[in-house]
Structure formats: structure tokens, C-alpha cells
Amino acid sequence: MTFLVLDGLQKIYGTHQVVQRFDLSVERGEFISFLGSSGCGKTTTLRMVAGFETPTVGTIRVDGRDVTQLAPNQRKVGMVFQSYALFPNMTVAQNVAFGLKVAGKSPAEIKTRVGEMLELIKLPKLADRYPYQMSGGQQQRVALARAIATKPQILLLDEPLSALDAKIRVSLRDDIRTLQRELGITTIYVTHDQEEALSMSDRIVVMSEGRMEQVGTPFEIYNRPATRFVASFVGHLNLLKATVVAPSEGRITVNGQAIRTAAALNGVPVGAPLTLALRPEAIRIGASETGNRLDGTISDVAFLGAIVRIRVQVGDNRLSLDTFNNPGSPPPARGEAVHLGFSPEDLHSVSDA
Amino acid sequence: MKRARLGPWIAVILGAIYFLVPLIATFEFSLRVRRNQYSFDAYANVLGDPHFQASFLYSTLIAFATIVVGVMLVVPTAYWVQLRLPKLRPVIEFITLLPLVVPAIVIVFGYLRIYNSSSWLPLTGSPASTNVLLVFGYVTLALPYLYRSVDTGLRTIDVRTLTEAAESLGARWPRILFTIIFPNVRVAIIGGAFLTFAIVIGEFTFAALLDRPAFGPYLQLVGANRAYEPAALSIIAFAITWACMGLIQIFGRDRRTGVAARP
Ligand SMILES: Nc1ncnc2c1ncn2[C@@H]1O[C@H](COP(=O)(O)OP(=O)(O)OP(=O)(O)O)[C@@H](O)[C@H]1O
Ligand SMILES: [Mg+2]
């Protein structure tokens, strides 16, 4: 059932259109990520949902009710900020209790709920600490507890992990996701970290310059990028310059070598240039009999431990591929000629938009 | 090398002499009520004088009223300017600095003209309403110090994000102001409050022209009519000022971080 609807949202500051036609329907309990590079309008869109910004055009509906003009303190939206934003004059328990107090809950009720929340974020012993006495990771957990203590309808997180170091980031990310699933709370999560978005989300909205580039599950976004921007922004992707030979059969050439795509290239004229995307993990070294084959020369080998990343030059295309380390045989050397094999199903044409 | 250090030391010593000699001389003079013997008689006379007690009490009460009114005016204003009207900040700063530029005598004559007993708002008509006018006048005088102090305090916290966090938890602005903003600029408010106290206690022009029984006019009266007591009063006033400074230092330490507040 659709719970949150963003209908044709636009935001214009002066002459600068920061968000262009944002349409999204979010299911109850869904975890949505907004993914995009800096300045693409993620925060602005999130702040419109929270009520801190009013859309120039468009409406926001929660559970069928139009909340576009509602003040932030009427929206029942929990918010987690990059800078934690804990109240410095209050202890952890007081911070978590704040929203409950505002809601006029009884002291006994507040005490129980705060206790539950601190259990949930695994910091029951820190109830009497002040924010300055805690690490960033702990502060962000408390901020999360504070945001969900009042059982908000929607949870909004704006790059909550980007001020933390890598290890904490990974563990906290799992904790957030687990918590979100347990509570079944509809969540929007803003990030510019693709790994975060891919690992946590039910669906991802990839954004660029105020536009929605693609909406889809992590699997779809990663394996079927709809635009060149998504293809290059999400994951490590090889882009091949190809020329169309027979569109309906998917036959093309790359650097003069004939290969084919699984899908027909309808509507593309013969002889037209085409950009194709190919994931590094879809390529194997050594030609297969049934699939596509490209011949090239190894231009670089990077030994990363479990994974060996190899770069192969095919004419003026440079392909990157990952193989697992094999203790029995050393990786190939630079300058070696290789055959690359991959299946036609893994080759996708991407639009240049 | 040694010679290079001499210059600063001479400056320090000259400065110390400049401040300390009159102070010591005044103190010494205040002890000479009796002929061949030092005594604290002048202090006893001053402190025992019912006019001293009454005027000091009066000025203290006025100072407290000034602090309360000033804080209630300045904190919400500075908060709002920082949150919603950052472009207006230079204008507000300029306005708060005006009392340093416009002499008190000009301000008080303006008051007398606008609020005299035949005006549309005759605040000088009764002692009680004149007290109110005096407090408002003192708020104006304290504005430069109070505003600066609070504004600096607000800059040390992320006013905007904290406000948004509170709003998303359902809070309205009175709660945000009293449970989040005030406690977090507590140190700055206290600093401004002591400065305000020091200003109000010694103020003469407003109190004299509005004819209020304040400490400033009392100081002037004693100074004109007695020999040793004015010296004793100077020392007492000096001690009060220093006590205020000391209290700023003590309360100015942030309990939460142990770091002294920036002035
Ligand atoms: N109040 C404002 N007035 C004018 N322009 C603004 C305002 N707020 C944001 N912008 C502009 O809108 C654009 C999008 O900003 P936004 O904060 O939404 O980006 P973002 O995707 O969250 O980026 P980041 O990853 O850096 O946080 C930016 O170009 C920014 O300069
Ligand atoms: Mg942002």
C-alpha cells in the first residue's frame, strides 16, 4: 500500500532549479535511498518531506493526507542529521525523552520508553552521559533513538554516517537497517555512498542535478542502469564504444571485432555509434565457445588481495575486470595478449542522457 | 637579549603604577578618619548609613529588573536573527551599538520629552512608572554588552540544526527557546548579566535626571559633602566591580565542557 507520495515536487531558489519534477511513491515500511553526488538536491528533497522547505510546485501526501503546507512540528517525521544535533545541555536520556515530553506523555511512560530505546541502540548504560562525553558513533545512535522514540510515521536520515570512520560506518549501517526492519518504519535515507545505498535499501533513487535518473531495487540499479550517469555513478562499470551492424539481431562491432547483445537494438539505425555497459565481474579471461569474445592486451594488473583487478586494452576501449586470487597461479603479466569472454546477456546499451 | 626584554617590563611597571598608585592612595586616605591612627571608621559610617543601604538596595533591584527585561528581549531577538534573518544581523548590531554613541544625557532628555506628565504616555507621572522607564533606559544602556555576549554564545552552537531537530520532534518555539536555546547560552547570559549589573549600580545620569533614589546619585551626594567617606565608597564600588568580574570568571566556566566562554 502506498504510504508516502511525492507528486511532481519542484524547488526553485531564485533562478536556480534545485529539484526538477520529483515523483515517487513509497510503500509503508519501505527503505528508500536518495543517491547522488554533492549538490544534486537530495537534502532539499528530504527537507521538503520534513517540512523545512516548501516545494515551489507539487504536493506531498502521507497516508492519503496532503501535508504539503503542514509545519514540521505537525508532521510526525523523525529526523537524523549528519551532525547528530543532540541537545548539548541534555543527557542521553533527556535527549531521547524530549519528543515524548513534547507529546505530553506521563513520566512513567517516558521512563519506560527511554529505557526501551536505549536497549534498542545497545547503550543502556550511557543514559546519564552528556553528548560531549560520547563518541560520534554513540551520539548518532542516540540521535536515532531520539528520532524513533515518538514512533514517527516517517524516518528521514541525511547522510547520518558520513562524519564517522569506516568501521563504525559499516556496523552502524547494519544496525540502522535491522532496527528499521524490526520497527517497520517507512524510511528515506540520503547518501552519496553507493555501497551504503546498495546494501541497505529496498529501492534507490539515483539523482543528478536535481533530476531523478532512475528508481529501482539495488539489483536493478546495479545490473540495469538506465542512463549513462547511473551506469558510471553506481559501481565500477566498463563503457564500450560500439557500432551497430544488425539492430534486430543485436549484432555490433567493437574495435572491428563482432559481438552481439542479447536484446534486439530496435530503433537504432545501422552504422550508428552505441555505448554499451559491462560490469567487471561479468568478464572472464579466456574465450568461451558460446558467448562473446574480445581480444585485447593487458595494460595493468592490480593485486588487491582476494581480488585481482586487471585492465585490458581493446583498441581505444579500456576494460576493467575482477578475478579472484588463485594461490596456485600468479596473475597475468602486463603486455600479455588475452581473450575476454562474456555473455550477451550482460551487455546493456545505455542512453546518453 | 636581556636588554630586549627590558622594554616590555618597563611598560608593565608603568601601567601598574598608573592604576595602583591612585587606588592605594585612595585606600590609605579612606583609613585616616582618626587623627594618628588608621581605622575603618569611614567604612563603618558608609555601610551604617541608611541612605547607603536604601540606595544600594534600590539599584540592585533595578539591576535585576534590567537583566530580566534585557535577557527576555535580547535572547529571542538574537536567536531569531541568527535563525531566520541573518542578513539583518549588521543592522541589529548597529542598533545595539547606538547607546555607546549617543550620550546617556541625550537619551534621558529624549525620554523626558516623550514620556512627560502631559504626554500621551506619562511614564514620569508616578514613581512606579518612572522606575519602569528607568529599567527600560538601563536595558538600552546594557544592550551593546548583552547583545554581543548572547550573539557570540549562540554562534558556538548550531542554532539552526538544533531548532530543526526540536521541531521535527514536535516542539514549538517557546519550548525550543526555553529548553534548548536559553540553557545553551546560559554562560553568555550570565556574563552579560554581570556586566549589566556593574553598569546599573554605578549609573548616575538617568537616575539623577529621573530623580530616582539610586546608588549613583547617592555616591555623588556623599562625594560633595563628606571628606573620607567618598574614598571609602570608591573602594567599595571598586570591590563590587571586581567581585562581578570574578563571578563572570567562575560562572563563565562551562559546566559541560570546562572551557571558559568566549567573551
Ligand atoms: N537556501 C538555499 N538557497 C539557495 N540555494 C540553495 C539553498 N539550499 C540549497 N541550495 C542549492 O541547492 C542545490 C542542492 O542542494 P542540496 O543541499 O539539496 O544538495 P545535496 O544533494 O544534499 O548535496 P550534498 O551531498 O552536498 O549534501 C545546491 O546547488 C545548493 O547550492
Ligand atoms: Mg545534503
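Here is what the cut-offs are and how they apply
- Here the residue index of a chain counts from 1 through its sequence in written order.
- Just so you know, chain letters begin at A and ligand numbers begin at 1, following the order they were written in.
- Totals for whole chains, interfaces and linings use every residue, but because this is a predicted model, local features are given only for residues with pLDDT of at least 70 and side-chain atom pairs only at 80 or more, for both listing and counting.
- Working from all heavy atoms in the structure, the side-chain values ignore hydrogens and water.
- UniProt positions are given in the numbering used here, feature names are shortened, and annotations may be inferred rather than shown by experiment.
- Domain start and end points were adopted from an automatic or database domain assignment.
- Residues count as neighbours in contact if any of their non-hydrogen atoms are within 4.5 Å of one another.
- A carboxyl oxygen of Asp or Glu within 4 Å of a side-chain nitrogen of Lys or Arg is what we treat as a salt bridge.
- The term polar contact refers here to a pair of N or O atoms within 3.5 Å; inside protein, the definition further demands a hydrogen-donor-capable atom paired with an acceptor-capable atom, and it admits residues adjacent in sequence only when both atoms are side-chain atoms.
- Here the term charged refers only to Asp, Glu, Lys and Arg, the term nonpolar to Ala, Val, Leu, Ile, Met, Phe, Trp, Tyr, Cys and Pro, and the term polar to all other amino acids, Gly among them.
- Strand pairing is assigned whenever DSSP identifies at least 2 bridges connecting the two strands.
- In DSSP terms, a helix is any run of H or I states spanning at least four residues, a strand is any run of E spanning at least two, and both are numbered starting from the N terminus.
- An axis is simply a line fitted to the C-alpha atoms; with a helix, the fit covers only the stretch in contact. Between two such axes, the angle follows the N-to-C directions and lies from 0 to 180 degrees.
- In short, buried area is how much 1.4 Å probe accessible area vanishes from two parts on joining, totalled over both.

Going by the annotation in an unreviewed UniProt entry, the name recorded for chain B is ABC transporter permease, with Lichenifustis flavocetrariae given as the source organism.

By the naming in an unreviewed UniProt entry, chain A is Spermidine/putrescine import ATP-binding protein PotA, taken from Lichenifustis flavocetrariae. UniProt, in the comment section headed Catalytic activity (unreviewed entry), describes chain A in these words: "ATP + H2O + polyamine-[polyamine-binding protein]Side 1 = ADP + phosphate + polyamineSide 2 + [polyamine-binding protein]Side 1." Of chain A, the UniProt comment under Function (unreviewed entry) reads exactly: "Part of the ABC transporter complex PotABCD involved in spermidine/putrescine import. Responsible for energy coupling to the transport system."

Peer 1: I would appreciate a short explanation of the domain arrangement of chain B in the present structure.
Peer 2: How big an interface is tends to be reported as the loss of accessible area on association of its parts. All names here are of chain B. Here the domain parsing of chain B yields domain 1 (1-35) and domain 2 (56-261). Centre-to-centre, using C-alpha coordinates, domain 1 lies 33 Å away from domain 2. The partner domain 2 presents seven residues to the seven residues of domain 1 that form the contact. Counting across the interface, domain 1 meets domain 2 through zero salt bridges. Viewed at the interface, domain 2 and domain 1 are joined by zero residue pairs in polar contact (both at pLDDT 80 or more). Here the side of domain 1 that touches domain 2 is built from residues that sort into four nonpolar, two polar and one charged.

Peer 1: So what exactly am I meant to see when it comes to the sheet that holds strand β1 (residues 2-13) of chain A here?
Peer 2: Sheet strands pair via backbone hydrogen bonds, and the direction of the pair is either parallel or antiparallel. Residues and elements named next belong to chain A. Ordered by their spatial adjacency, four strands build an open sheet running β2-β1-β4-β5, and the pairing between neighbours is antiparallel. Each edge of the open sheet is held by one strand with a lone partner, namely β2 (16-27) and β5 (65-66). Relative to strand β4 (residues 57-62), β1 runs antiparallel, the two being bridged by five bridges. Within β4, the residue paired with D7 across the bridge is T59. Sheet contacts for helix α1 (residues 42-50): β1, β2 and β4; angle to β1, the most-contacted strand, approximately 120 degrees.

Peer 1: Would you mind going over the domain arrangement of chain A with me for this structure?
Peer 2: Residues and elements named next belong to chain A. Per the domain assignment, the segments of chain A are domain 1 (2-232) and domain 2 (236-349). Contact residues are listed per partner, giving seven residues for domain 1 and six residues for domain 2. It is Y222, R228 and A231 in domain 1 that bury the most area against domain 2; as a group they hold 63% of the surface buried on that side. Applying the counting criterion to the domain 1 and domain 2 interface returns zero salt bridges. The tally of links between domain 1 and domain 2 comes to five residue pairs in polar contact (both at pLDDT 80 or more). Of all the elements in the fold, those that place two or more residues in the side of domain 1 that touches domain 2 are α7 (218-223) and α8 (228-233). Counting residues per element, the side of domain 1 that touches domain 2 draws most heavily on α7, at three residues. The residue inventory of the side of domain 1 that touches domain 2, partitioned by class, reads four nonpolar, one polar and two charged.

Peer 1: Looking at this structure, I do not really get the UniProt feature "domain: ABC transmembrane type-1" (unreviewed entry) in chain B. What am I missing?
Peer 2: In the numbering adopted here, UniProt assigns the feature "domain: ABC transmembrane type-1" (unreviewed entry) to residues 56-248 of chain B. This span, residues 56-248 of chain B, is 81% helix and 0% strand, and a straight line between its end C-alpha atoms measures 21 Å.

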